[in-house]
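Chains, contacts and geometry: an overview
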Amino acid sequence: MIEHRNVFLSLFKKYIQNVLRVNFLKRNVTPISCALYVTRKCNFKCSYCIVRDNREYNLSLNETKRLLGLIREEIPSITITGGEPLLRRDIVEILREAERLRFYPISLFTNLSLIDRKLDVLNYINMLSTSLDSLNSKNDTIIGVKGATELIIRNIKKYSKLQKQKKFIMNINCVISKDNFDDVLDVARFAFANDCLLSIGIVVNNGIPQKELINNEKYIKVMDELIKLKKKRYPISNSLKYLKTIRDFKSFRCHPFLIPRILSNGLIGYPCNLQIQKTTNILDHESFKDVLAELENNHYFECSKSCYLGCYAMPSILIESPMVMIKEFMAFTAKIRSKT
Ligand code: SF4
Ligand code: SF4
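The sections below set out a description of the structure shown in this document. (Residues numbered from 1 in each chain as written. Chains lettered and ligands numbered in written order. Predicted model: local features only at pLDDT ≥ 70, side-chain atom pairs only at ≥ 80, totals over all residues.)

1. Things to note about the overall build of the protein
Of the regular secondary structure elements, the protein holds twelve helices and eleven strands. Over its C-alpha atoms the protein spans a radius of gyration of 19 Å, differing by no more than 12% from the 20 Å that the globule rule assigns to 340 residues. Taken along its principal axes, the extent of the C-alpha atoms in the protein is 50 × 45 × 40 Å. Expressed as a percentage of its 340 residues, the buried residues of the protein come to 43%. (Helix = DSSP H or I, 4+ residues; strand = E, 2+ residues; numbered from the N terminus. Rg over C-alpha atoms; globule rule 2.2 N^0.38 Å. Buried ≥ 20, exposed ≤ 12 C-beta atoms within 10 Å, placed from the backbone.)

2. Details of the packing of helix α9 (residues 240-248) against helix α11 (residues 310-319)
Between α9 and α11, the shortest axis-to-axis distance is 9 Å and the interhelical angle comes to 120°. When the axes of α9 and α11 are compared, the pair comes out oblique. As for the relative orientation of α9 and α11, their crossing is right-handed in sense. Note on element contacts: α11 touches α9 through Gly310, Ala313, Met314 and Ile317, opposite Lys241, Tyr242 and Thr245. Here the contact of α9 with α11 is composed, by residue class, of four nonpolar, two polar and one charged. (Axes fitted to C-alpha atoms, helices over the stretch in contact; angles between N-to-C directions. Parallel < 35°, antiparallel > 145°, perpendicular 65-115°, else oblique. Left-handed = near helix turned anticlockwise from the far one by under 90°. Contact = placed C-beta atoms within 7 Å. Nonpolar A, V, L, I, M, F, W, Y, C, P; charged D, E, K, R; others polar.)

3. Some points on the site of ligand 1
Neighbouring ligand 1 are Cys42, Phe44, Lys45, Cys46, Cys49, Val51, Arg52, Gly82, Gly83, Glu84, Asn111 and Ile143. Its residues assigned to classes, the shell around ligand 1 comprises six nonpolar, three polar and three charged. (Near = placed C-beta within 6 Å.)

4. A few points about the nonpolar core
Formed by 86 residues in total, the largest nonpolar core has its most connected members in Leu95, Cys174 and Leu198. Sequence-distant contacts of Leu95, defined by excluding residues within four places in its chain, comprise Ile80, Ile106, Leu108, Val121, Tyr124 and Ile125. (Core = buried A, V, L, I, M, F, W, Y, C linked by C-beta atoms within 7 Å.)

5. Points about the site of ligand 2
If you check the shell around ligand 2, you find 13 residues, and the closest are Cys254, Cys272, Cys303, Cys307 and Tyr312. Split into classes, the residues belonging to the shell around ligand 2 amount to nine nonpolar, three polar and one charged.

6. Describing the packing of helix α8 (residues 217-231) against α9
It is at 10 Å that the axes of α8 and α9 come closest, and there the two elements cross at 175°. As far as their axial angle goes, α9 and α8 are roughly antiparallel. Residues Ile220, Met223, Leu226, Ile227, Lys230 and Lys231 of α8 pack against Leu240, Leu243, Lys244 and Arg247 of α9. Class assignment for the residues of the contact of α8 with α9 results in six nonpolar, no polar and four charged.

7. Quick look at unusual backbone geometry
Cis geometry is adopted by the peptide bond preceding Pro105, which originates at Tyr104 and carries an omega value of -10°. With respect to the helices and strands, the residue Pro105 is situated in the loop between α3 (91-100) and β3 (106-109). Cis geometry is adopted by the peptide bond preceding Pro271, which originates at Tyr270 and carries an omega value of -5°. Looking at the secondary structure, you find Pro271 in strand β10 (residues 267-272). A positive phi angle, near 70°, is found at Leu112, a position not held by glycine. Take Leu112: it is sitting in the loop between β3 and β4 (127-131).

See below:
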C-alpha cells in the first residue's frame, strides 16, 4: 500500500512537472504513463479500430520483460492493451512482471471475450477496462462479431462482482459516434448499476472525428446529460472539461506524448501515432532516457488534426488546467482506494 502511494506520488510529481513545463517553461511534455500494445492481433473487427494488425510481429516474453524494465525507468504507470492482449499465451507473466516492476496503476484493456480462460490476470491489475458502445445488437455490428455483445455484457456483470475481492476497478469505455449516440445513456446506466466506472470517447475515422455531430440536437442532449451526471458525481472518469470539449468540439492544445503508445515490436512514435514525426525502437537503447533524448523535440508541437481521442485529449486538457487536474486526481485516488 505504501509502495503504491509512493508510485502514485511520483505520478503526481510528473504531472506537476509537466504543468510547469507546458505553462511556464514552454517546453514539451514528458510521459506520465503509456499504453503498451502487447499484440496487435485481435479476434474482433471494430469498425473504428486503428490498431488491429494480425500480421505484426510480437516480442517474445523475454523481450517484452526487457521492454517493460526500460519503460519503468521513466514511466510509473501503464496500460497493457492490444489488439486483444489476452490472445497472448504469456499475458499473465507479462502482467506479473509489470507488477514486480511496481508499475501503478496497472490497467488492462481487453474486449473480455477470453477472460474466462485467463482469470489469473485479475491478480496483477488495478483496472480492468473494456469497450461497450451499445447494449443491443448495434454493438455486434460495430465490433464485427455476431453474438459477442451478449458475452461482453455477461462478463461485465460477472467480473464486476469480483472488484472488491480482487482489488481492481472495472471501467466501461463507450465510444460515441453518429451510429450509437442514442444508446450511450443506456450504457452509462448499465455501468453504474454494475458498480463500474464509465469513460466516454469519441469515434475517429482515419484521424478525423465526426464533427457533424454538433448539428445533431440528440447528440447535444446526450452530452448535456452526461455532463449533468458527472456534476452529480456519478463515476465518470472523463473530466468535466473533456466532456464539454467534445460536446462542442472546442479547440484544445494537444500534448499527446503525455501517454505515448508503444507498439508490439517495441516501436515508439513522437508525438502521437496519428501524426508521427519521429520513431525509435525502445529495445535499441540502453536506457529510457536515451529514448526520450532521441525523440526530444525542441520546437513546440502544434497539432494540425485535432482528433479528440480521449486517451490523448483528456490528459492534454487537464494539464492546461492545473486546478481541475488536482480535483480529478483526488477523485480518482478516492475511487481506487475504495476498491483496494
Ligand atoms: S477490440 Fe480493440 S483492437 Fe480489437 S478490433 Fe476492437 S478496437 Fe481493435
Ligand atoms: S489531437 Fe493529439 S492525438 Fe490527435 S492527432 Fe492531434 S496530436 Fe495526435
